[in-house]
Amino acid sequence: MKKFILRRLLLGIIVLLGVALLTFFLARVVPSDPAAKWAGPRATPEQIARATIELGLDKPLYVQFGKYLLDLLQGNLGYSLRTRRPITLELQESLPATIELVLISTIAAVFVGIPLGVISAKRKDQLIDHLSRLFSIGVVSLPTFWIGLILQLVFFRVLGLFPMGGQLSTEIKITMDIPKVTGFIMFDSLVTGNFRIFLDALWHIVLPGITIGMYPVGLVARMTRSALLEILNEDYITAARSYGLSERIVLWSYALKNSIGPTSTVVALSIGYTLVNTFLTESIFTWPGIGNYIASAVIGLDYPAIMGVTIFSAFSYVVLNLIADIIIALDPRVRV
Amino acid sequence: MPGYFEIQNLSVGFRTFEGERRVLDIERLVIGRGETYGLVGESGAGKTVLALTILGLLPKPAAVVHSGSIWFDGQDLLQKGEKELYARYRGKRLAMIFQDPMSTLNPVFTVGQQIARVVEKQQGLRGAAVAKRSLELLEMVKLPDAQSTLKKYPHELSGGQRQRVIIAIALSCGAEFLIADEPTRNLDVTIQAGILKLIGDLQKDLGISVLFIANNVGLVNVFCKNAGILYHGKLVEDGPSELVIRAAKHPYTQTLISAIPRDKSEKLKFASTVIKPEAQRGCPYYSRCNLAESICFDRMPMLETSSSGQKVACFMAEKQ
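Residues numbered from 1 in each chain as written. Chains lettered and ligands numbered in written order. Predicted model: local features only at pLDDT ≥ 70, side-chain atom pairs only at ≥ 80, totals over all residues.

**Q** Any chance you could explain the overall build of chain B here in plain terms?
**A** When helices and strands are tallied, chain B shows twelve helices and twelve strands. Relative to its length of 320 residues, chain B is compact, with a C-alpha radius of gyration of 21 Å against a globular reference of 20 Å. In terms of its C-alpha atoms, chain B occupies a principal-axis envelope of roughly 65 × 50 × 40 Å. Across the 320 residues of chain B, 44% fall into the buried class. A separation of at least 24 residues holds for 63% of the contacts in chain B among residues at least 6 apart in sequence. (Helix = DSSP H or I, 4+ residues; strand = E, 2+ residues; numbered from the N terminus. Rg over C-alpha atoms; globule rule 2.2 N^0.38 Å. Buried ≥ 20, exposed ≤ 12 C-beta atoms within 10 Å, placed from the backbone. Contact = placed C-beta atoms within 7 Å.)

Written as structure tokens, this is what we have:
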């Protein structure tokens, strides 16, 4: 098991190196002058020359790359061209909001998607199965921005049940002290006992949460269903029934544990997909997270910020896949 | 009054895209208490379907039981609902060993976990008692080093070891009627002998009845008191295995037996079969039978006691 994890870890590092190399050179070949951008819109040639030296752009490419890697290792992603603040800091600020969303969608994928798939497999070709498949196909094929807009239309405009966007109501933001322990508003408000803030945050996260959680739930339900249906035809399932084991044990333990491979892979992939999807969802719901951050970075041609987010996303992908691999290794046959 | 185990007029079909297909049509099959009955038939004859029918584990809604009864100790199993079969029969009184030891154990649980699950459910044991019982069971099936086997996953065991584990699980809760569905089919010959001996010993020690399903006539002869030959879902010959094997009356049984090579010098004989059209209403063996006459095409032969003692379903049996 240790060797297995170590090997996956090594593979992850190689992937990250590759991504760093790619982002670095892509940022160098894009037809834009970082120094000019850094120096500002009305900079004199001298100022630009100074910026070039300041940013180290006069040094050979490999030296620049080496410095870039070294900075990365120390968690330094450079400075934003727009705000001139460290990107690491800015990511830290917007990360919790995104993680809240991703967490919600992942929890939904695991605790709604998997049971939905299991029930669907158990009641194959019955009404509940048809409904769950219709739902899965629906949410997987509908574009996220469309779901988001429709939810806003129905629940904000027509029914007025939920806010249109943002993470907290403006009045709460102005009138109350937002506690800061970890940066996660819901968590922080809960541990400090600020239930009004917690409820307000909860109220705000419903629509973006549903928007972003739909796809993982549908995908996981579908994958779980098809994996289970295959497994339920296996001899060891019939055998387990012949031993008089209950249908509950057969389905939720004997069969489900065998479907852990495909299911957890899909969960991990859908988290990755969710991260990408925050780009749209956060823009629609003006959610102050990474997605919103990168959206404005792209519009403002803020290359260091774009690179930073890219590296960060790659890093999360690698970590998620590592976790998925470890979960899959619960299947004893995989551990090689 | 039906016997200890008796099948009467059982008819099972499978729904397919081309309409329903009859897979099992058994007039009568009796197994006495503590007896071993050998059921022989080629692949697709309906042997496994019969086993699953007894346990109520046929795939639904594809399979349909049309009629008949399966009497077991005075109760008709076919009249029992899923709940009662689950609560009182499967694992408790009826047990089954499946064909393929490679796929009968759940690959993601250790042997110990799989035994424990069944023992906990069926005998209500907890904690140390479970471990003790699991160990006993593995020792009962003569697995060396039982303690470490408990911690192993199925893929770490050989075919023979797995089949022993499967037998241990099947018999863990004191079942009195064991269905052994070709338990040695996928094992090496040397391992086969060991597994057969084990089943035979356990049968004697525990006094259980065994429905021994095989596609090998030779095995049944040594192993079983009575034997039946299943062809296309129909029992075509039934009686003491001595008679069925040594003095076969049904042309199909005869073909089966003549296919066994007796010694090296003998050339393998394959019965030349004249392929005729399928008899829709008549004898299922008609199309392959060398003795068939027109009556075989028109009418279905019923099991009747022959001159030598066993029951045969063949119009030509006495005319040879």
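**Q** Please explain the overall build of chain A as it appears in this structure.
**A** If you tally the helices and strands in chain A, you get 15 helices and zero strands. Along the first, second and third principal axes, the C-alpha set of chain A runs to 85 × 55 × 40 Å. Within chain A, the fraction of its 336 residues that count as buried is 36%. Summarising the internal contacts of chain A: among those between residues at least 6 apart in sequence, 71% fall at separations of at least 24.

**Q** Just to check I follow, could you spell out the packing of helix H7 (residues 144-158) of chain A against helix H10 (residues 195-232) of chain A for this structure?
**A** Think of two packed helices as two axes; the pair is described by the angle between the axes and how far apart they sit. All names here are of chain A. The geometry of H7 relative to H10 is characterised by a closest axis approach of 9 Å and an angle of 145° between their N-to-C directions. With respect to the hand of their crossing, H7 and H10 are arranged in right-handed fashion. Across the interface between the two elements, Thr144, Ile147, Gly148, Leu151, Gln152 and Phe155 from H7 touch Leu207, Ile210, Thr211, Met214 and Tyr215 from H10. Looking at side-chain class alone, the contact of H7 with H10 contains seven nonpolar, four polar and no charged residues. (Axes fitted to C-alpha atoms, helices over the stretch in contact; angles between N-to-C directions. Left-handed = near helix turned anticlockwise from the far one by under 90°. Nonpolar A, V, L, I, M, F, W, Y, C, P; charged D, E, K, R; others polar.)

**Q** Just checking my understanding: could you explain the packing of helix H5 (residues 87-122) of chain A against helix H6 (residues 127-141) of chain A for this structure?
**A** Residues and elements named next belong to chain A. Packing of H5 against H6 brings their axes to within 8 Å, and their N-to-C directions diverge by 140°. Classified by the interaxial angle, the pair formed by H5 and H6 is oblique. Every pair of crossing elements has a handedness; the one defined by H5 and H6 is left-handed. The segment H5 lies against H6, with Leu116, Ile119 and Ser120 engaging Ile128, Asp129, Ser132 and Arg133. Within the contact of H5 with H6, the residues separate by chemical class into three nonpolar, two polar and two charged. (Parallel < 35°, antiparallel > 145°, perpendicular 65-115°, else oblique.)

**Q** I would appreciate a short explanation of helix H4 (residues 111-123) of chain B in the present structure.
**A** Count 3.6 residues to each turn of an α-helix, and residues three or four apart come out pointing the same way. All names here are of chain B. The end-to-end C-alpha distance of H4 is 18 Å, a good match for the 18 Å that 13 residues give at a rise of 1.5 Å each. When H4 is considered as a whole, its buried residues turn out to be Val111, Gly112, Gln114, Ile115, Ala116, Arg117, Val118 and Val119. Once H4 ends, the next one or two residues include Gly124, with phi positive near 65°. (Expected span 1.5 Å × (residues − 1).)

**Q** Would you mind showing me how to read unusual backbone geometry here?
**A** A negative phi angle characterises most non-glycine residues, just as the trans form characterises most peptide bonds. Residue and element names in this part refer to chain B. In the Ramachandran plot, Lys142 falls in the positive-phi region, its phi being about 60° despite a non-glycine side chain. Assignment of secondary structure puts Lys142 in the loop between helix H5 (128-140) and helix H6 (146-150). The partly exposed category is assigned to Lys142, around which 15 C-beta atoms lie within 10 Å.

**Q** Looking at this model, I keep getting lost on helix H12 (residues 247-255) of chain A. Mind explaining?
**A** All names here are of chain A. Within H12, the full set of buried residues consists of Val250, Tyr254 and Ala255. Angular distribution of buried residues about the axis of H12 spans 75°; they occupy a single face of the element. Buried residues in H12 make contact with H10 and helix H11 (235-242). (Arc of directions from axis to C-beta.)

**Q** Sorry, what's going on with the domain arrangement of chain B here?
**A** Accessible area lost upon the coming together of the parts serves often as the stated size of an interface. Residue and element names in this part refer to chain B. When cut into domains, chain B gives domain 1 (5-234) and domain 2 (242-319). A C-alpha centroid distance of 29 Å is found between domain 1 and domain 2. At the interface, ten residues of domain 1 touch 13 residues of domain 2. Elements that contribute at least two residues to the side of domain 1 that touches domain 2 include exactly strand S2 (19-31), helix H9 (217-223) and strand S9 (226-231). (Domains from an automatic or database assignment.)

**Q** Help me understand the environment of Lys173 of chain A, please; the structure alone is not making it clear to me.
**A** Residue and element names in this part refer to chain A. Inspection of the secondary structure puts Lys173 in helix H8 (residues 170-175). By the C-beta count within 10 Å, which is 13 here, Lys173 ends up partly exposed. Between the alpha carbons of Lys173 and Ile197 there is a distance of 9.0 Å; along the sequence they are 24 residues apart. Residues contacting Lys173, with those up to four places away along its chain left out, are Leu168 and Ile178.

**Q** Help me understand the interface of chain A and chain B in this model?
**A** The interface of chain A with chain B comprises 19 residues on the first partner and 23 residues on the second. Those elements giving two or more residues to the side of chain A that touches chain B turn out to be H11 and H12 of chain A.

**Q** Please clarify how the nonpolar core should be interpreted in this entry.
**A** As a rule of thumb, soluble globular proteins bury nonpolar side chains together. One finds Val220 of chain A together with Ala168, Ala170, Ala175, Leu178 and Phe212 of chain B to be the most contacted residues of the largest nonpolar core, which totals 140 residues. The element best represented in this core is H10 of chain A, accounting for 16 residues. Of the domains in this structure, domain 1 (5-234) and domain 2 (242-319) of chain B are the two that each give at least three residues to this core. Apart from residues no more than four positions distant in its own chain, Phe212 of chain B is found in contact with Thr36, Tyr37, Gly38, Leu39, Ala180, Val220, Phe223 and Cys224 of chain B. Within the second largest apolar cluster, 19 residues are counted, among which are Leu81, Ile294, Ala297 and Ala305 of chain A. (Core = buried A, V, L, I, M, F, W, Y, C linked by C-beta atoms within 7 Å.)

**Q** I'm lost on the environment of Glu237 of chain B in this one. Help?
**A** Mapped onto the secondary structure, Glu237 of chain B falls in strand S10 (residues 234-240). Once residues within four sequence positions are removed from consideration, Glu237 of chain B is found in contact with Gly228, Ile229, Val244, Ala248, Lys249, His250, Thr253, Gln310, Lys311 and Val312 of chain B.

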